[in-house]
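Report on the structure
Each chain, written out:
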Amino acid sequence: MSIDRQADSVKDFMIQAEKVSYSVNLDGNTLPILHNVSLAIGAGESAAIVGRSGSGKTTLLGLLAGLDVPTAGDIMLDGQMINTLSEDERASLRAQRVGFVFQSFQLLPTLTAIENIMLPMELSGIVDAKHRAEALLERVGLAQRMKHTPRQLSGGEQQRVAIARAFAVAPKILFADEPTGNLDTHTGEAITELLMNLNQEQGTTLVMVTHDQQLADRCQRLFVIEAGLLHEDAAVSKTVTAV
Amino acid sequence: MTASAKVMSFRQDLRERNIKVMLAAMVIAVATVATITMFADHLQRTLLTSASAFLAADRQLNSRSSEPVPEAWFTTAQAGGLEVSKMIEFGTMVSSESRFQLVAVKAVDGAYPLRGEIEWQADIDSQRELKANGPDPGEVWLNPRLMHLLELRPGDALDVGATTLMISGLILREPDGGFRLSDLAPRVMMHIDDVAATQVIQPGSRVNHRGLFAGDEADLASFEAWLAPQLNNAYRWVDVRQNETLGESLDKAESFLLLGGSLAVLLAVVAIAVASRQYALGQRDRVALLKTLGLTGKRIRFLYLSRLMLWGIITTLAGLLLAIPAAWMLALMMAKLMDQSLVFTLSFSSLWPVLVTVLVALFAFAYPPISRLRNTSAMRVLRSLPSDDKATLATDLLLAVIVVFALLWVYVNDLRLVVSLLGAMAVLFAILALAGAGLIALLRRFSTGHGSWRLAVIALYRHRHATLSQLSVFAMTVMLAGTLVLVRSSLLADWQAQLPEDAPNHFLLNIAPESVEQIEAFFSDNQLSSSPLYPIVRGRLTEINAQPAQEVALNKEDDELRRELNLTIAASYPADNQIISGQWFAPGETSGLSIEQSLAESLGVNIGDTLGFTIGSEKITATISSIRSVQWDSMQPNFFIIFPPQGAISGLPSTSLTSFYLPEAKKNILNDFVWQFPTISVLEMDHVIERIQQIIRQVTQAVEAILLMILLAAVAVMVAVVSATMGERQREGALLRTLGGQQQLLVKATIFEFALLGLLAGILGVLAAEIAVWALQYRLFAGDFRWHWPVVIALPLFSALLLALLGRWQLIPVLKVSPMLLLRRLE
């Protein structure tokens, strides 16, 4: 599938993986996690990666986001080959173009809600971080909880703050790892709604790993990973308009 | 404040438990090291000042010829900020109207004594007084015995050579009394300006000129450096430390303080290393998140490095703020105890080793785990990754050993001491590595039986890596504290044995053979115990192997070649002497002699060499049959040369010498004695002994105080280590309670677990301490190896108890709040 798409135009893909393999060394034994994975996701597309626990989906997400580099194969992110970049260069790339939402929220416990949102903006040198953070908090419905620390917020509220943080630097790509995994169904739905809406408003490319069928269904494309091998569920995936 | 600044703000740091523990460990470390350094410095100065009183100055310059000390030297010393004083000593005849007597005159200027005081009496029945200066010109002070011999009273005139001086008091003690038994003639003290008028000193007269110097150590050192090239053999520069009696005590005290200081450094770095490692472990998730948010490794390193520097500065300042009053308090306590006025000057030069130590410790121990944080994989935000702790632990350990070695070497400047300590640590770690696995396997076997015991053993087994590392740190802490306790005990016992309360404090010299019986009767009448009577024959060492001694001796300038020696006869050698080589005289042996070790070395003679002596008009020779070491600070009669009974000097005219203990309360007996035996010289050493005992008491107090502080630092290290894993243990406790564990069971299991850990660490640590002390004992404190059972038994028990209490303490929140609340709080 992706090979044909790749032939169309490389520039149109926000994320592209080519024959990516990844293995880890465990007590002297090589344990393969991903094997020859290839995919291409266009700008503005939303993609879900599903699979059983331990199938390698989170590892793939990490590799696509440049948190680590593959053992073999190439990964392009917004036109840049990231597996040849140094760790610091990948970090700079993330600071400018990538946002994250995690299953366990990953808010800094010592910072208030607004400070957690301001942090990535300050790291990328955005000047009016405070005003933008206030606007984002209002957007996620937490204008009244600005000065509260994560411990004072519920799980759903923490994830809203995390989403606001993820969109704070106006990233081109948003990676989400089980964003509703720690939330009840009702809260999960609300978070899904918020995430998809924001994604649409900002025209972000969204890649998420999820177990949540409802959330996966909201994505334009669906990838299934099984024992380190990836294939696209063509029946689910819709036609993509290249940006 | 911006969010990124707040992530790493000091206020924020103070909210994190790991950082609090680390900062507290660092403050304790700095405070301990700084207090010890400052107090040791203060103690040094106090002790040196006390000891300086023995010279009546900080340094003395003795002219060996009869030439005075050049005037220019005094001028230079004064220009260099030193106080100076001149003194002339000579022997002469003095006379009253009807009597003559040979006396030892000490002529002093208005500045004498620069250190210490003169004990003086206006008349024989007046109060004893302390005088800051000697007699004024035209006046003279006499020793009471001389007063009696000449039948004079204060106010009478005394003829000294061509002049007449007025007796204005009795001299009881002078600070630089000296320990030589050769000063037999009674003392006369006069002003130096009157010496010329006596016309006693003529070209060729035997006169001893001395220069006295006092001032700051730095000024003294620079004067000494200037003077040294100009000193030929005609002058001898005397430091307090060259005084054998005091030198040894001071050196031992200094060694102990340095040992205490270096152990404090070791404890400090252990605390810092443990806390930093825990802190770095706790920071990995945060670093991974910051990296995910786009922070580069370089900026992460900068962030943490600046934190570390800030902590270093803040904890150093806080530590010093605690240390300064602590050192002041110690100094005050000591001043009160010793009934002295407090002179505590803060010497910043004594603080630089603290700063260097802290910074080196901080960057060699705290920095490595923190610097590795930049290598944390960003993937950690997605899933937990195994850490590569084992590989880095080895590098850290190697670095730690090298740095500790360098640090201690710089600090203590004693390779043997450093090697002993590190050797004991290496042995300890080897034992831990070997025994660790076996011990843990053994623990598993014992994990049967009663509930709480089983739970405790299982907990130790389950956390076996943590158990081993905690065991190492606790064992090392016990070893360091144990070493100090053991060394202190043997040091104090050594001093106590050396100078017991009833050590002989008076010497009787010049006892004529016919007076011996009367003297013995005098002792028994007054219930005084004395040492044996030693016959004394005074003679000059003139030949070595039939060659002139002054030409063939290794050290041709040895004082002992210039004066008469007290030769004695003894069937057995004094109890505190040791035969180094050769054999002591067999019963009935009449040939040979025994020589003191340092004199033998200075002369360059050995067993089988022949020494020749000139005694009056007689010449005798004898072959060296044994070499002895002599404990000069024992305050017992000691001799360079001893002959056997019926040996070479038997039958020569002799007097006798003995020593005895006279308590202060019976001091007036001495007046009767002087009247009863006017020809016998009494050497009052009680003030010297009292002073040495006072110095030993001072040092003992310091030793105790430093020991206490180091034990506190050791406890702090243990608290730091226990707190480091507190979160995890509390979570486990909460889980156990959630799963239905009874509070009682939990408390017992925790107490068992920690007590067992403490006991094992205590046993291993105390064994390592015995090894360290065994290695140190010989040279540093000159004692023999023996097991110290009380400490060997008490220390592991104490360590078990302490850890059990700490374990119980960390359990408090688990027992106080509901498991649900606790689990949420710990998330």
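About the cut-offs
Residues numbered from 1 in each chain as written. Chains lettered and ligands numbered in written order. Predicted model: local features only at pLDDT ≥ 70, side-chain atom pairs only at ≥ 80, totals over all residues. Heavy atoms only, no water. Helix = DSSP H or I, 4+ residues; strand = E, 2+ residues; numbered from the N terminus. Buried < 20%, exposed > 50% of the residue type's maximum accessible area, 1.4 Å probe, protein only. Areas by Shrake-Rupley, 256 points an atom, 1.4 Å probe, with all protein chains shown as cover. Expected span 1.5 Å × (residues − 1). Arc of directions from axis to C-beta. Core = buried A, V, L, I, M, F, W, Y, C linked by side-chain atoms within 4.5 Å. Contact = heavy atoms within 4.5 Å. pLDDT = per-residue confidence, 0-100. Salt bridge = Lys/Arg side-chain N within 4 Å of Asp/Glu carboxyl O. Polar contact = N/O pair within 3.5 Å; in protein donor to acceptor, adjacent residues only side chain to side chain. Nonpolar A, V, L, I, M, F, W, Y, C, P; charged D, E, K, R; others polar. Pairing = 2+ DSSP bridges. Axes fitted to C-alpha atoms, helices over the stretch in contact; angles between N-to-C directions. Parallel < 35°, antiparallel > 145°, perpendicular 65-115°, else oblique. Left-handed = near helix turned anticlockwise from the far one by under 90°. Phe/Tyr/Trp six-rings, centres within 6.5 Å; stacked < 30°, edge-to-face > 60°. Lys NZ or Arg CZ within 6 Å of the ring centre and 35° of its normal. Patch = residues over 30% accessible without salt bridge, like charges linked within 9 Å, V, L, I, M, F, W, Y side chains within 5 Å.

**Thoughts on the overall build of chain B**
Looking only at helices and strands, one finds 24 helices and 22 strands in chain B. Buried residues in chain B amount to 53% of all 827 residues. Accessible surface, chain B as shown: approximately 36,100 Å² in total, 59% of it carbon and sulfur.

**What about helix H20 (residues 726-738) of chain B?**
Residue and element names in this part refer to chain B. With 13 residues, H20 ought to run about 18 Å at 1.5 Å a step, and its terminal C-alpha atoms sit 18 Å apart, in line with that. Considered for burial, the residues of H20 that qualify are Met726, Gly727, Arg729, Gln730, Gly733 and Ala734. The arc that holds the buried residues of H20, viewed along the axis, is 165 degrees, so those residues lie on one side. Positive backbone phi, approximately 105 degrees, marks Gly740, located one or two places after H20.

**Remarks on the environment of Leu491 of chain B**
By secondary structure assignment, the location of Leu491 of chain B is in helix H14 (residues 464-498). C-alpha separation for the pair Leu491 of chain B and Thr700 of chain B, spaced 209 residues apart in sequence, amounts to 9.1 Å.

**What about the nonpolar core?**
Ranked by size, the top nonpolar core spans 191 residues in total, and within it Ile15, Leu64 and Phe175 of chain A carry the most contacts. With 16 residues, helix H8 (residues 244-292) of chain B is the largest single contributor of residues to this core. Sequence-distant contacts of Ile15 of chain A, that is, excluding residues within four places in its chain, are made with Leu39, Ala40, Ile41, Leu64, Met76, Leu77, Ile173, Phe175, Thr205 and Val207 of chain A. Grouped together as the second largest cluster of nonpolar side chains are 27 residues, Leu561, Leu567, Ile569 and Ala600 of chain B included.

**Re the confidence of the model for chain B**
All names here are of chain B. Here chain B averages 80 in pLDDT, and 86% of its residues register 70 or above. Considering only residues more than four positions removed or in separate chains, one finds that residues 179-183, a stretch of pLDDT under 50, has 16 contacts. If you check the scores for this complex, the pTM reads 0.66 and the ipTM reads 0.84.

**Some thoughts on helix H5 (residues 129-139) of chain A**
Residues and elements named next belong to chain A. Along H5, the residues classified as buried are Ala129, Ala133, Leu136 and Leu137. Buried positions in H5, seen along its axis, are confined to an arc of 100 degrees and lie on one side of it. Exposed side of H5, more than 90 degrees from the buried face: His131 and Glu138 are the residues found there. Positive backbone phi, at 80 degrees, marks Gly141, one or two positions downstream of H5.

**What about the interface of chain B and chain A?**
The partner chain A presents 29 residues to the 27 residues of chain B that form the contact. In this assembly, chain B and chain A are joined by one salt bridge. Its salt-bridge partner being Glu87 of chain A, residue Lys291 of chain B comes within 2.4 Å of it at the nearest N-O pair. For the pair chain B and chain A, the number of links is four residue pairs in polar contact (both at pLDDT 80 or more). At the level of secondary structure, the elements contributing two or more residues to the side of chain B that touches chain A comprise helix H1 (3-7), H8 and helix H9 (297-337) of chain B. Examining the composition of the side of chain B that touches chain A, we find that five residues originate from one element, H8 of chain B, more than from any other. When its residues are assigned to classes, the side of chain B that touches chain A shows 10 nonpolar, nine polar and eight charged.

**Some points on the sheet that holds strand E3 (residues 46-51) of chain A**
Residues and elements named next belong to chain A. Across the sheet, six strands lie side by side as E6-E7-E8-E3-E9-E10; this open sheet has mixed pairing. For this open sheet the edge positions go to strand E6 (98-101) and strand E10 (229-232), each flanked by a neighbour on one side alone. Averaged over all pairs of adjacent strands, the angle between their axes in this sheet comes to 20 degrees, without regard to strand direction. Pairing of strand E9 (residues 221-226) with E10 involves four bridges; the strand directions are antiparallel. Note that in E10 the partner of Ile225 across the bridge is Leu230. Against the sheet, helix H3 (residues 87-97) makes contact with E6 and strand E7 (173-177), and its axis sits at roughly 80 degrees relative to E6, the strand it touches most. Here helix H6 (residues 155-168) sits on the sheet in contact with E6 and E7, set at roughly 175 degrees to E6.

**Things to note about the packing of helix H4 (residues 113-123) of chain A against H6 of chain A**
Residues and elements named next belong to chain A. Relative to each other, H4 and H6 sit at 25 degrees, their axes nearing to 8 Å. What the angle tells us is that H4 and H6 run roughly parallel. Seen from above, H4 lies across H6 with right-handed handedness. Taking contact as the criterion, the partners of Ala113, Asn116, Ile117, Pro120 and Met121 in H4 are, on H6, Val161, Ala164, Arg165 and Ala168. Within the contact of H4 with H6, the residues separate by chemical class into seven nonpolar, one polar and one charged.

**Remarks on the sheet that holds strand E2 (residues 29-42) of chain A**
All names here are of chain A. With antiparallel pairing, four strands are arranged side by side in an open sheet as E2-E1-E4-E5. The sheet terminates laterally at E2 and strand E5 (80-81), the two strands that pair on one side only. As paired strands, strand E1 (residues 13-26) and strand E4 (residues 72-77) are joined by five bridges and run antiparallel to one another. Bridged to Ser21 within E4 is Ala72.

**A word on the pairing of strand E17 (residues 593-596) of chain B**
Residues and elements named next belong to chain B. Here E17 shows two buried faces, one formed by Leu593 and Ile595 and the other by Ser594 and Glu596. Relative to strand E20 (residues 641-643), E17 runs antiparallel, the two being bridged by two bridges. Across the sheet, residue Ser594 finds its bridge partner in E20, namely Ile642.

**Focus on the packing of aromatic side chains**
All names here are of chain B. Applying the stated criterion across every chain yields a total of 18 aromatic pairs over all chains. With 5.1 Å between their ring centres and 40 degrees between their planes, Phe213 and Phe223 make a pair best called tilted. In this pair, Phe213 sits in strand E10 (residues 207-214) while Phe223 sits in helix H7 (residues 217-227), placing the two residues 10 residues apart along the sequence. Residue class for Phe213 comes out buried when judged on its relative accessible area of 0%. Phe223 gets classed as buried once you look at its relative accessible area, which sits at 4%. Among the aromatic residues, those joined into a cluster by ring pairs are Phe74, Phe213, Phe223, Trp226 and Trp237. Above the face of the Phe74 ring, Lys86 is positioned so that its terminal group lies 5.2 Å from the ring centre. When the ring centre of Trp120 is taken as origin, the NZ or CZ atom of Lys131, which lies over that ring, is 4.2 Å away.

**What about the confidence of the model for chain A?**
Residues and elements named next belong to chain A. Overall, the prediction assigns chain A a mean pLDDT of 86, with 92% of residues at 70 or greater. Predicted confidence in chain A is weakest over helix H1 (residues 2-8), with a mean pLDDT of 43, and strongest over E4, with 94. When the criterion is pLDDT under 50, residues 1-11 qualifies, and its contacts beyond four places in sequence or with other chains add up to 19 contacts. Low pLDDT, under 50, characterises residues 239-243; the predicted model gives this stretch seven contacts beyond four residues in sequence or across chains.

**Details of the side chain of Thr112 of chain A**
Mapped onto the elements, Thr112 of chain A comes out in the loop between E6 and H4. For Thr112 of chain A, a relative accessible area of 10% translates into the label buried. Here Thr112 of chain A is in contact with Met146, Lys147, His148 and Thr149 of chain A together with Lys6 of chain B, once residues within four sequence places are set aside.

**Here's the deal with the pattern of salt bridges**
When the charged atoms of two side chains with opposite charge come close together, those side chains can pair. The tally for this structure, following the rule as stated, stands at 19 salt bridges over all chains. Linking Glu45 of chain A and Arg221 of chain A is a salt bridge whose minimum nitrogen-to-oxygen distance equals 3.0 Å. Taken as a pair, Glu45 of chain A in the loop between E2 and E3 and Arg221 of chain A in strand E9 lie far apart in primary sequence, 176 residues in all. For Glu45 of chain A, a relative accessible area of 1% puts it in the buried group. Taking relative accessible area as the criterion, Arg221 of chain A reaches 1% and is therefore assigned buried. Between Glu174 of chain B and Arg187 of chain B there is a salt bridge whose closest N-O contact spans 2.8 Å. You can see Glu174 of chain B sitting in the loop between strand E8 (163-173) and strand E9 (187-191) and its partner Arg187 of chain B sitting in strand E9, a full 13 residues away along the chain.

**Details of a nonpolar patch on the surface**
All names here are of chain B. Nonpolar side chains collect at one region of the surface, where Ile763, Leu767, Trp787, Trp789, Ile793 and Leu797 lie side by side and expose about 610 Å² of accessible area between them. Of all the secondary structure elements, the ones that give two or more residues to the nonpolar patch are helix H21 (743-781) and helix H22 (789-810). At three residues, H22 tops the list of elements feeding residues into the nonpolar patch. With respect to the helices and strands, Trp789 occurs in helix H22.

**Let's talk about unusual backbone geometry**
Note that the residue after Tyr112 of chain B, namely Pro113 of chain B, is joined by a cis bond; omega there is -10 degrees. Inspection of the secondary structure puts Pro113 of chain B in the loop between strand E3 (100-108) and strand E4 (118-121). The backbone of Lys19 of chain A sits at a positive phi, close to 50 degrees, despite the residue not being glycine. As for its position among the elements, Lys19 of chain A is in strand E1. Exposure remark for Lys19 of chain A: the relative accessible area of 52% places this residue in the exposed category. The phi angle at Ala170 of chain A is positive, at roughly 50 degrees, despite the residue not being glycine.

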